[in-house]
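Report on the structure
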Amino acid sequence: MDVRIQEEVIHPEHAEGDWRLCLQKVIYEDGDENLGGYRFIWRRPDGSLQAARGQARIPTLEDAEILFLLARRNGWGR
């Protein structure tokens, strides 16, 4: 299954050059089927993605809420 990133928000307390927790709006492409959705994922200090079978450890619920707030401010979920 391929994943196409549509939009991304990055936790504002995670500085560039450090590990950064992201929330992404994505399209999961599986043959003839495309499914929209969201995922949490970490960006490594070099900017590449740390894919771990689609799972990312969310340190706190507050971290998730901050990213959801940023996504809503950017017009996601409408």
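Details of the structure are given in the entry above.
Presented here is an overview of the structure given in this document.

Time to look at the environment of R44. When you line up the elements, R44 lands in the loop between β3 (33-43) and β4 (49-50). With a relative accessible area of 29%, R44 lands in the partly exposed category. For the pair R44 and R20, spaced 24 residues apart in the sequence, the C-alpha separation amounts to 6.7 Å. Setting aside its immediate chain neighbours within four residues, R44 contacts D18, W19, L49 and Q50. Of note is the side chain of R44, whose polar atom sits 2.8 Å from the side chain of Q50.

Counting across every chain of the model gives 3 salt bridges. As a salt-bridge pair, K25 and E7 come within 3.9 Å of each other at their nearest N and O atoms. Here E7 lies in strand β1 (residues 2-10) and K25 lies in strand β2 (residues 20-30), a separation of 18 residues in the sequence. The residue R43 makes a salt bridge to E8 at a minimum N-O spacing of 3.1 Å. Of this pair, R43 sits in strand β3 while E8 is found in strand β1, placing the two residues 35 residues apart along the sequence.

Looking now at the packing of aromatic side chains. How two aromatic rings sit relative to each other is given by the distance of their centres and the angle of their planes. Summed over the entire model, instances satisfying the criterion amount to 2 aromatic pairs. The interplanar angle of 25 degrees and the centroid separation of 5.9 Å between the aromatic rings of Y38 and W76 together place this pair among those described as stacked. In this pair, Y38 sits in strand β3 while W76 sits in the segment after α1 (61-73), placing the two residues 38 residues apart along the sequence. According to the relative accessible area criterion, Y38 is partly exposed, its value standing at 44%. For the pair F40 and F68, a centre-to-centre distance of 5.7 Å together with 70 degrees between the ring planes defines the contact as edge-to-face. Separated by 28 residues along the polypeptide, F40 in strand β3 and F68 in helix α1 bring together distant segments of the chain.

Reading the values: the criteria
- Residues numbered from 1 in each chain as written.
- Predicted model: local features only at pLDDT ≥ 70, side-chain atom pairs only at ≥ 80, totals over all residues.
- Heavy atoms only, no water.
- Helix = DSSP H or I, 4+ residues; strand = E, 2+ residues; numbered from the N terminus.
- Buried < 20%, exposed > 50% of the residue type's maximum accessible area, 1.4 Å probe, protein only.
- Contact = heavy atoms within 4.5 Å.
- Polar contact = N/O pair within 3.5 Å; in protein donor to acceptor, adjacent residues only side chain to side chain.
- Salt bridge = Lys/Arg side-chain N within 4 Å of Asp/Glu carboxyl O.
- Phe/Tyr/Trp six-rings, centres within 6.5 Å; stacked < 30°, edge-to-face > 60°.

Everything listed here is a matter of coordinates, which is why it stays silent on function.
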